[in-house]
Amino acid sequence: MDVDTRLLRYFAAVAEEGNLSRAAERLFVSQPALTKQIKQLEAQLGVQLFTRSKAGMALTDPGRALAARAPRVLGSWDEALTETRSAASRAASVLRVGYVASAANESTQPIIAEFTRRRPGWRVDMRQAAAWSNPTAGLIDGEVDVALLRLPFPGDHALRTQWLLTEPRWVALPAAHPLATRAAIEFHELWDEPFVAAPPETGAWRDFWLATDERAGHPVRIGAITDRTDDWLSAVANGYGIALAPASAARFFARPGIVYRPVTGVSPTRVGVVWRPGADTDPVVQDFVRSCLAHREA
(Lines give C-alpha, C1' and ligand atoms only; values in the text may rest on other atoms or scores of the structure.)
Protein backbone atom coordinates (compact mmCIF):
# COMPACT_ATOMS: atom_id res chain seq x y z
CA MET A 1 0.00 0.00 0.00
CA ASP A 2 1.33 3.44 -0.97
CA VAL A 3 0.68 6.28 1.49
CA ASP A 4 1.08 9.94 0.58
CA THR A 5 4.01 11.31 2.59
CA ARG A 6 1.97 14.46 3.20
CA LEU A 7 -0.61 12.43 5.13
CA LEU A 8 2.15 10.77 7.14
CA ARG A 9 3.68 14.17 7.90
CA TYR A 10 0.33 15.48 9.13
CA PHE A 11 -0.13 12.39 11.30
CA ALA A 12 3.34 12.80 12.83
CA ALA A 13 2.67 16.44 13.71
CA VAL A 14 -0.61 15.61 15.47
CA ALA A 15 1.03 12.67 17.25
CA GLU A 16 3.84 14.91 18.53
CA GLU A 17 1.64 17.83 19.52
CA GLY A 18 -1.30 15.83 20.86
CA ASN A 19 -3.46 18.73 19.77
CA LEU A 20 -5.06 19.54 16.42
CA SER A 21 -4.85 23.33 16.65
CA ARG A 22 -1.14 23.33 17.57
CA ALA A 23 -0.36 20.82 14.84
CA ALA A 24 -2.32 22.87 12.28
CA GLU A 25 -0.34 25.99 13.23
CA ARG A 26 2.93 24.10 12.91
CA LEU A 27 1.95 22.77 9.47
CA PHE A 28 0.50 26.07 8.19
CA VAL A 29 -2.88 24.48 7.42
CA SER A 30 -6.36 25.05 8.80
CA GLN A 31 -7.67 22.77 11.55
CA PRO A 32 -10.61 21.46 9.45
CA ALA A 33 -8.21 20.61 6.60
CA LEU A 34 -5.91 18.76 9.01
CA THR A 35 -8.83 16.81 10.50
CA LYS A 36 -9.87 15.77 7.00
CA GLN A 37 -6.36 14.54 6.17
CA ILE A 38 -6.12 12.47 9.37
CA LYS A 39 -9.47 10.84 8.62
CA GLN A 40 -8.28 10.12 5.08
CA LEU A 41 -5.16 8.39 6.41
CA GLU A 42 -7.23 6.33 8.87
CA ALA A 43 -9.58 5.29 6.07
CA GLN A 44 -6.66 4.35 3.83
CA LEU A 45 -5.02 2.25 6.53
CA GLY A 46 -8.29 0.83 7.85
CA VAL A 47 -7.41 1.61 11.48
CA GLN A 48 -8.20 4.30 14.04
CA LEU A 49 -5.04 6.23 14.86
CA PHE A 50 -6.39 8.62 17.50
CA THR A 51 -9.11 8.84 20.08
CA ARG A 52 -10.53 12.35 20.15
CA SER A 53 -11.71 14.23 23.21
CA LYS A 54 -11.85 17.75 24.61
CA ALA A 55 -8.44 17.10 26.16
CA GLY A 56 -6.81 16.52 22.77
CA MET A 57 -5.75 13.69 20.48
CA ALA A 58 -4.57 10.46 22.13
CA LEU A 59 -2.83 7.76 20.09
CA THR A 60 -4.42 4.32 19.87
CA ASP A 61 -2.22 1.21 19.87
CA PRO A 62 -2.02 1.23 16.03
CA GLY A 63 -1.33 4.96 16.20
CA ARG A 64 1.58 4.45 18.61
CA ALA A 65 3.03 1.79 16.34
CA LEU A 66 2.94 4.16 13.37
CA ALA A 67 4.19 7.12 15.42
CA ALA A 68 7.28 5.12 16.45
CA ARG A 69 8.38 4.72 12.83
CA ALA A 70 6.97 7.75 11.04
CA PRO A 71 9.75 10.22 11.99
CA ARG A 72 12.46 7.92 10.58
CA VAL A 73 10.50 7.35 7.37
CA LEU A 74 9.88 11.07 6.90
CA GLY A 75 13.45 11.95 7.82
CA SER A 76 14.85 9.56 5.23
CA TRP A 77 12.46 10.85 2.57
CA ASP A 78 13.23 14.49 3.33
CA GLU A 79 16.95 13.80 3.18
CA ALA A 80 16.62 11.98 -0.15
CA LEU A 81 14.44 14.72 -1.62
CA THR A 82 16.74 17.51 -0.45
CA GLU A 83 19.85 15.74 -1.78
CA THR A 84 18.16 15.10 -5.12
CA ARG A 85 17.12 18.72 -5.57
CA SER A 86 20.47 20.01 -4.38
CA ALA A 87 22.34 17.69 -6.73
CA ALA A 88 20.34 19.05 -9.66
CA SER A 89 21.14 22.64 -8.76
CA ARG A 90 24.81 21.81 -8.08
CA ALA A 91 25.13 20.15 -11.48
CA ALA A 92 23.99 23.43 -13.05
CA SER A 93 26.11 25.56 -10.66
CA VAL A 94 22.98 27.24 -9.32
CA LEU A 95 22.32 28.23 -5.71
CA ARG A 96 18.61 28.46 -4.93
CA VAL A 97 17.90 31.34 -2.54
CA GLY A 98 14.40 31.72 -1.14
CA TYR A 99 13.01 34.99 0.15
CA VAL A 100 9.86 36.69 1.38
CA ALA A 101 8.93 40.22 0.25
CA SER A 102 12.08 42.34 -0.28
CA ALA A 103 14.74 39.79 0.79
CA ALA A 104 17.68 41.74 2.33
CA ASN A 105 16.45 45.04 0.90
CA GLU A 106 19.14 47.06 -0.92
CA SER A 107 21.85 44.68 0.36
CA THR A 108 20.51 41.84 -1.80
CA GLN A 109 22.40 42.74 -4.97
CA PRO A 110 25.76 43.37 -3.22
CA ILE A 111 25.35 39.99 -1.47
CA ILE A 112 24.81 38.24 -4.80
CA ALA A 113 27.79 40.06 -6.32
CA GLU A 114 29.95 38.99 -3.37
CA PHE A 115 28.84 35.38 -3.76
CA THR A 116 29.61 35.28 -7.49
CA ARG A 117 33.04 36.71 -6.70
CA ARG A 118 33.60 33.86 -4.27
CA ARG A 119 32.07 31.31 -6.64
CA PRO A 120 32.95 32.22 -10.26
CA GLY A 121 30.64 30.48 -12.73
CA TRP A 122 27.84 30.10 -10.20
CA ARG A 123 24.45 31.75 -10.49
CA VAL A 124 21.98 32.70 -7.75
CA ASP A 125 18.38 31.76 -8.48
CA MET A 126 16.18 34.01 -6.31
CA ARG A 127 12.84 32.34 -5.52
CA GLN A 128 10.14 34.41 -3.84
CA ALA A 129 7.61 32.65 -1.62
CA ALA A 130 4.30 32.77 -3.46
CA ALA A 131 2.30 32.89 -0.24
CA TRP A 132 2.78 33.97 3.38
CA SER A 133 1.69 30.48 4.44
CA ASN A 134 5.21 29.48 3.36
CA PRO A 135 7.26 31.82 5.60
CA THR A 136 10.49 29.84 5.11
CA ALA A 137 10.22 30.36 1.31
CA GLY A 138 10.59 26.62 0.70
CA LEU A 139 13.66 26.10 2.91
CA ILE A 140 12.06 23.54 5.22
CA ASP A 141 10.75 21.59 2.21
CA GLY A 142 14.15 21.54 0.48
CA GLU A 143 12.91 23.68 -2.41
CA VAL A 144 15.74 26.17 -1.81
CA ASP A 145 19.26 25.83 -0.42
CA VAL A 146 19.32 28.95 1.75
CA ALA A 147 16.93 31.84 2.40
CA LEU A 148 16.72 35.52 3.31
CA LEU A 149 13.81 35.73 5.73
CA ARG A 150 11.95 38.00 8.09
CA LEU A 151 12.43 37.01 11.72
CA PRO A 152 10.78 35.52 13.64
CA PHE A 153 8.97 32.83 11.67
CA PRO A 154 7.35 29.50 12.62
CA GLY A 155 9.93 26.72 12.94
CA ASP A 156 12.95 29.04 13.16
CA HIS A 157 14.26 27.10 16.17
CA ALA A 158 14.99 24.10 13.91
CA LEU A 159 17.12 26.10 11.45
CA ARG A 160 20.39 28.01 11.49
CA THR A 161 19.99 31.79 11.51
CA GLN A 162 22.37 34.72 11.23
CA TRP A 163 20.95 38.21 11.73
CA LEU A 164 21.72 40.69 8.93
CA LEU A 165 19.68 43.85 9.43
CA THR A 166 17.04 45.49 11.56
CA GLU A 167 14.42 48.00 10.48
CA PRO A 168 11.43 49.63 12.15
CA ARG A 169 7.89 48.52 11.56
CA TRP A 170 5.73 51.17 9.92
CA VAL A 171 2.02 51.13 9.16
CA ALA A 172 0.37 50.92 5.75
CA LEU A 173 -2.79 53.03 5.60
CA PRO A 174 -5.39 53.85 2.94
CA ALA A 175 -4.54 57.29 1.55
CA ALA A 176 -7.89 58.64 2.80
CA HIS A 177 -7.34 57.44 6.38
CA PRO A 178 -7.57 60.24 9.00
CA LEU A 179 -4.05 59.41 10.25
CA ALA A 180 -2.48 59.33 6.79
CA THR A 181 -1.28 62.93 7.01
CA ARG A 182 0.54 62.41 10.30
CA ALA A 183 4.35 62.39 10.33
CA ALA A 184 4.39 59.56 12.90
CA ILE A 185 1.76 57.52 14.76
CA GLU A 186 1.74 56.00 18.24
CA PHE A 187 0.92 52.30 18.07
CA HIS A 188 -1.78 52.57 20.75
CA GLU A 189 -3.67 54.90 18.39
CA LEU A 190 -4.09 51.94 16.03
CA TRP A 191 -5.36 49.36 18.50
CA ASP A 192 -9.02 49.82 17.57
CA GLU A 193 -8.37 49.81 13.83
CA PRO A 194 -9.21 46.75 11.70
CA PHE A 195 -6.01 45.03 10.53
CA VAL A 196 -5.24 43.06 7.39
CA ALA A 197 -3.84 39.76 8.68
CA ALA A 198 -2.11 36.65 7.41
CA PRO A 199 -4.09 33.36 7.66
CA PRO A 200 -4.49 32.01 11.23
CA GLU A 201 -2.45 28.88 10.44
CA THR A 202 0.70 31.01 10.06
CA GLY A 203 0.71 31.31 13.84
CA ALA A 204 3.67 33.28 15.20
CA TRP A 205 4.21 34.95 11.83
CA ARG A 206 0.69 36.39 11.89
CA ASP A 207 0.96 37.38 15.56
CA PHE A 208 4.19 39.29 15.00
CA TRP A 209 2.75 41.39 12.18
CA LEU A 210 -0.34 42.10 14.29
CA ALA A 211 1.96 42.95 17.25
CA THR A 212 -0.30 40.89 19.51
CA ASP A 213 2.30 40.96 22.32
CA GLU A 214 2.52 44.76 22.25
CA ARG A 215 -1.13 45.67 22.70
CA ALA A 216 -1.31 45.50 26.50
CA GLY A 217 -4.00 42.84 26.17
CA HIS A 218 -6.09 44.92 23.76
CA PRO A 219 -7.84 42.54 21.29
CA VAL A 220 -7.03 42.61 17.58
CA ARG A 221 -9.74 43.54 15.08
CA ILE A 222 -9.37 41.67 11.78
CA GLY A 223 -10.69 43.49 8.72
CA ALA A 224 -9.39 41.11 6.06
CA ILE A 225 -7.23 37.99 5.72
CA THR A 226 -4.76 37.70 2.85
CA ASP A 227 -1.98 35.29 1.94
CA ARG A 228 -0.17 37.23 -0.80
CA THR A 229 1.44 40.63 -1.07
CA ASP A 230 -0.74 41.85 -3.94
CA ASP A 231 -3.91 40.89 -2.09
CA TRP A 232 -2.57 42.56 1.06
CA LEU A 233 -1.92 45.80 -0.82
CA SER A 234 -5.38 45.71 -2.40
CA ALA A 235 -7.06 45.13 0.97
CA VAL A 236 -5.30 48.15 2.49
CA ALA A 237 -5.93 50.38 -0.54
CA ASN A 238 -9.63 49.43 -0.53
CA GLY A 239 -10.00 50.39 3.11
CA TYR A 240 -10.61 46.93 4.58
CA GLY A 241 -7.90 47.45 7.16
CA ILE A 242 -4.45 48.77 7.96
CA ALA A 243 -1.28 46.72 8.40
CA LEU A 244 2.14 46.83 9.99
CA ALA A 245 4.97 46.50 7.47
CA PRO A 246 8.75 46.90 7.32
CA ALA A 247 9.84 50.47 6.71
CA SER A 248 11.34 49.27 3.41
CA ALA A 249 7.82 48.48 2.14
CA ALA A 250 7.45 52.19 1.44
CA ARG A 251 10.27 51.80 -1.12
CA PHE A 252 9.61 48.32 -2.49
CA PHE A 253 5.79 48.28 -2.41
CA ALA A 254 4.76 51.85 -3.16
CA ARG A 255 1.25 51.89 -4.60
CA PRO A 256 -1.40 54.52 -5.39
CA GLY A 257 -3.97 54.67 -2.62
CA ILE A 258 -1.55 53.57 0.13
CA VAL A 259 0.66 55.62 2.40
CA TYR A 260 3.28 54.33 4.85
CA ARG A 261 3.94 56.09 8.14
CA PRO A 262 6.42 55.48 10.99
CA VAL A 263 4.97 53.90 14.13
CA THR A 264 6.33 54.42 17.63
CA GLY A 265 5.77 52.01 20.50
CA VAL A 266 6.26 48.81 18.50
CA SER A 267 9.42 46.72 18.19
CA PRO A 268 11.41 46.48 14.94
CA THR A 269 11.61 43.62 12.46
CA ARG A 270 14.79 41.77 11.50
CA VAL A 271 16.09 40.02 8.40
CA GLY A 272 18.40 37.01 8.58
CA VAL A 273 20.13 34.50 6.37
CA VAL A 274 18.76 31.05 7.19
CA TRP A 275 19.84 27.52 6.27
CA ARG A 276 19.21 23.94 7.32
CA PRO A 277 21.59 22.34 9.87
CA GLY A 278 22.64 19.81 7.23
CA ALA A 279 24.14 22.65 5.19
CA ASP A 280 26.63 23.56 7.94
CA THR A 281 29.28 21.68 5.96
CA ASP A 282 28.04 22.68 2.49
CA PRO A 283 30.80 24.96 1.12
CA VAL A 284 28.52 26.66 -1.41
CA VAL A 285 25.83 27.54 1.14
CA GLN A 286 28.49 28.69 3.60
CA ASP A 287 30.02 30.93 0.93
CA PHE A 288 26.62 32.54 0.52
CA VAL A 289 26.32 32.97 4.30
CA ARG A 290 29.77 34.61 4.38
CA SER A 291 28.70 36.86 1.52
CA CYS A 292 25.68 37.93 3.55
CA LEU A 293 27.73 38.61 6.66
CA ALA A 294 30.15 40.72 4.61
CA HIS A 295 27.23 43.10 4.04
CA ARG A 296 25.73 42.86 7.50
CA GLU A 297 24.29 46.01 9.01
CA ALA A 298 26.88 47.86 11.09
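Read on for an overview of the structure. (Residues numbered from 1 in each chain as written. Predicted model: local features only at pLDDT ≥ 70, side-chain atom pairs only at ≥ 80, totals over all residues. Heavy atoms only, no water.)

Observations regarding the overall build of the protein
Alright, step 1. Looking only at helices and strands, the protein has nine helices and 13 strands in total.
Alright, step 2. Taken over the C-alpha trace, the protein has a radius of gyration of 21 Å; the compact-globule value for 298 residues is 19 Å, and the two agree within 12%.
Alright, step 3. Expressed as lengths along the three principal axes of its C-alpha atoms, the size of the protein is roughly 60 × 55 × 30 Å.
Alright, step 4. Expressed as a percentage of the 298 residues in the protein, the buried residues total 46%.
Alright, step 5. The contacts of the protein with a sequence gap of at least 6 include a subset with a gap of at least 24, amounting to 73%. (Helix = DSSP H or I, 4+ residues; strand = E, 2+ residues; numbered from the N terminus. Rg over C-alpha atoms; globule rule 2.2 N^0.38 Å. Buried < 20%, exposed > 50% of the residue type's maximum accessible area, 1.4 Å probe, protein only. Contact = heavy atoms within 4.5 Å.)

Points about empty space enclosed by the protein
Alright, step 1. Within the structure shown, the criterion is met by one cavity of 30 Å³ or more.
Alright, step 2. Of the voids in this model, the largest cavity is the one considered here, and its volume is about 310 Å³.
Alright, step 3. Of all the secondary structure elements, the ones that give two or more residues to the lining of the largest cavity are strand E9 (194-197), helix H6 (204-210), helix H7 (229-237) and strand E11 (243-246).
Alright, step 4. Of the residues that constitute the lining of the largest cavity, the class distribution is 17 nonpolar, three polar and two charged. (1 Å grid on protein atoms, 1.4 Å probe; cavity = no way out; pocket = protein on both sides within 12 Å on 5 of 7 lines; lining within 4 Å. Points joined across faces, edges and corners; volume = space filled by probe spheres on them. Nonpolar A, V, L, I, M, F, W, Y, C, P; charged D, E, K, R; others polar.)

Observations regarding the side chain of Thr269
Alright, step 1. Relative to the elements of secondary structure, Thr269 occurs in strand E13 (residues 269-275).
Alright, step 2. We classify Thr269 as buried; its relative accessible area is 1%.
Alright, step 3. Excluding residues that lie within four positions of it along the chain, Thr269 makes contacts with Arg150, Leu151, Leu165, Thr166, Glu167, Pro168, Arg169, Phe208, Trp209 and Pro246.

Quick notes on the pairing of E9
Alright, step 1. Neither face of E9 is exposed, since Pro194 and Val196 on one face and Phe195 and Ala197 on the opposite face are all buried.
Alright, step 2. One ladder, built from four bridges, connects E9 with strand E10 (residues 221-225); its direction is parallel. Bridge pairing in E10 places Phe195 opposite Ile222.
Alright, step 3. Assessed by its sense of winding, the connection that carries the chain from E9 through H6 to E10 is right-handed. (Pairing = 2+ DSSP bridges. Right-handed = clockwise from strand over helix to strand, strands pointing away.)

Considering helix H3 (residues 31-45)
Alright, step 1. Between its terminal C-alpha atoms H3 stretches 21 Å, which fits the 21 Å expected from 15 residues at 1.5 Å a residue.
Alright, step 2. When we look at burial in H3, the residues that qualify are Leu34, Thr35, Gln37, Ile38, Leu41 and Glu42. Take H3 and look down its axis: the buried residues cluster within an arc of 165°, on one side only. For H3, exposure combined with an orientation more than 90 degrees from the buried face picks out Pro32, Lys36, Lys39 and Ala43. (Expected span 1.5 Å × (residues − 1). Arc of directions from axis to C-beta.)

Structural notes on the sheet that holds strand E8 (residues 185-186)
Alright, step 1. The strand order E8-E12-E7-E11 describes an open sheet built from four strands, whose pairing is mixed. Among the strands making up the open sheet, the edge pair consists of E8 and E11.
Alright, step 2. Of the pairings in the sheet, the one linking E8 to strand E12 (residues 258-264) comprises two bridges and is parallel in character. Note that in E12 the partner of Glu186 across the bridge is Thr264.

Concerning helix H2 (residues 20-27)
Alright, step 1. Considered for burial, the residues of H2 that qualify are Leu20, Ala23, Ala24 and Leu27. Considered in projection along H2, the buried side chains sweep an arc of 100° and stay on one side of the axis.

Details of the sheet that holds strand E3 (residues 94-99)
Alright, step 1. The strand order across the open sheet formed by five strands is E4-E3-E5-E13-E6, and the pairing between neighbours is mixed. The two strands at the open ends of the sheet, each matched to only one other strand, are strand E4 (123-128) and strand E6 (160-167). For this sheet, the mean angle separating the axes of adjacent strands, direction not counted, is 25°.
Alright, step 2. The pairing of strand E5 (residues 146-151) with E13 spans five bridges and is classified as antiparallel. The partner of Ala147 across the bridge, within E13, is Val274.
Alright, step 3. Packed on one face of the sheet, helix H9 (residues 283-293) meets E3, E5, E6 and E13 and runs near 155° to E13. (Axes fitted to C-alpha atoms, helices over the stretch in contact; angles between N-to-C directions.)

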